[in-house]
Amino acid sequence: MAEERRFRSASGVPIALRQRQHSASCRELAVRGPRLQLRSLSAATSAVWLAAYGLFAVSENSMVLSAAIFITLIGLIIYLHFVKIDQESLLVIGSLGIQVTSSYASGKESTTFIEMGQVKDVVINEAIHMQKVIYYLCILLRDPEDPQGVSEVVPLFQSSKPRLDCLIEVYKSCQEILEQRKTAPQSSEIK
């Protein structure tokens, strides 16, 4: 069962939240941002190449054009492979853990897995940035030396930066699975 809803990011860009429930204790939540626009890419490339052509006309050095083409292509490859993230997903499996995946525009994926034993909680946190309050979802990792303490805070959806209404949807889904995990050992001990 997959459900997709439309939201906006903190900067007002349209994003989509896709929720897929694989089982009662396994959910996948993916936030997809806008695709790379060919129009903006063409405009940026044209601007660089026109500036290079202007320099070529003044200096009459063909190396300027070659360097502009080379730098533009290398910059585009770096942008698509390391910067532009198309989708961020969260796979929450109650018995195993949480997998966080970022899918780049080039097709590259970056995945991190956090064992459920390390997860203390999933919370919505707030930060003040440039005179604005920004909300973000994060995983609190349990401190191995102090069971009540937090050893690390892992922020989620750092690229898409969904607004609070979208974060609440993701938060509720995560909390449902975390609550199942907390009540499951207690019900087995009662038997």
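Everything here concerns the structure above.
If you're wondering where the values come from, they're calculated on a predicted model, not measured in any experiment. (Residues numbered from 1 in each chain as written. Predicted model: local features only at pLDDT ≥ 70, side-chain atom pairs only at ≥ 80, totals over all residues. Heavy atoms only, no water.)

Moving on: the overall build of the protein chain. Scanning the protein chain from N- to C-terminus turns up 3 helices and 9 strands. In sequence order, the protein chain lays out its α and β elements as β-β-β-α-α-β-β-β-β-β-β-α. With respect to the three principal axes, the spread of C-alpha positions in the protein chain is 85 × 40 × 35 Å. The buried share of the protein chain, taken over its 191 residues, is 30%. (Helix = DSSP H or I, 4+ residues; strand = E, 2+ residues; numbered from the N terminus. Buried < 20%, exposed > 50% of the residue type's maximum accessible area, 1.4 Å probe, protein only.)

Note that Ser9 resides in the loop between strand E1 (2-8) and strand E2 (14-23). The exposure class assigned to Ser9 is buried, which follows from its relative accessible area of 2%. Within the local environment of Ser9, its side chain forms a polar contact with the side chain of Ser11, the two groups lying 3.1 Å apart. If near-sequence neighbours (up to four positions away) are discounted, Ser9 is found in contact with Ile15, Ser160, Lys161, Pro162 and Arg163. (Polar contact = N/O pair within 3.5 Å; in protein donor to acceptor, adjacent residues only side chain to side chain. Contact = heavy atoms within 4.5 Å.)

Moving on, we come to the nonpolar core. Of all hydrophobic cores here, the largest spans 25 residues; its most connected members are Leu90, Ile98, Ile139, Phe157 and Val170. Secondary-structure elements contributing two or more residues to this core are E2, strand E3 (26-32), strand E4 (85-93), strand E5 (97-104), strand E7 (119-129), strand E8 (132-142) and helix H3 (164-190). Broken down by element, the residue count for this core peaks at 6 residues, all from H3. With near-sequence residues (within four places) excluded, Leu90 lies in contact with Arg27, Glu28, Leu29, Ile98, Gln99, Val100, Leu156, Phe157, Val170 and Cys174. (Core = buried A, V, L, I, M, F, W, Y, C linked by side-chain atoms within 4.5 Å.)

Right, let's get into the sheet that holds E4. Two orientations exist for strands paired in a sheet by backbone hydrogen bonds: parallel and antiparallel. Pairing in this open sheet of 6 strands is antiparallel, and the strands run E1-E2-E3-E4-E5-E6 from one edge to the other. Each edge of the open sheet is held by one strand with a lone partner, namely E1 and strand E6 (109-115). Put simply, the sheet's adjacent strands are angled 15° from each other on average, direction ignored. Of the pairings in the sheet, the one linking E5 to E6 comprises 7 bridges and is antiparallel in character. Bridging from a neighbouring strand, Ser102 pairs with Ser110 of E6. (Pairing = 2+ DSSP bridges. Axes fitted to C-alpha atoms, helices over the stretch in contact; angles between N-to-C directions.)

Take the pairing of E7 next. In this sheet, E8 lies alongside E7 in antiparallel orientation, the contact comprising 10 bridges. Pairing of Val119 across the sheet is with Leu141, part of E8. The turn joining E7 and E8, which pair antiparallel and follow one another in sequence, is formed by 2 residues; a positive phi near 55° is taken by Met130.

Attention shifts here to the state of the cysteines. Tallied over the entire structure, the rule returns 0 disulfides. Of all cysteine sulfurs in the structure, the one in Cys174 sits closest to Cys26, which takes part in no disulfide; the separation is 12 Å. Left unpaired, Cys174 is separated from the closest cysteine sulfur, that of Cys138, by 11 Å. (Disulfide = S-S within 2.5 Å.)

Time to look at the pairing of E8. In regular strands, side chains alternate between the two faces of the sheet. Where E8 lies against strand E9 (residues 150-155), 5 bridges are found, and the strand directions are antiparallel. Across the sheet, the residue bridging to Arg142 is Val150, located in E9.

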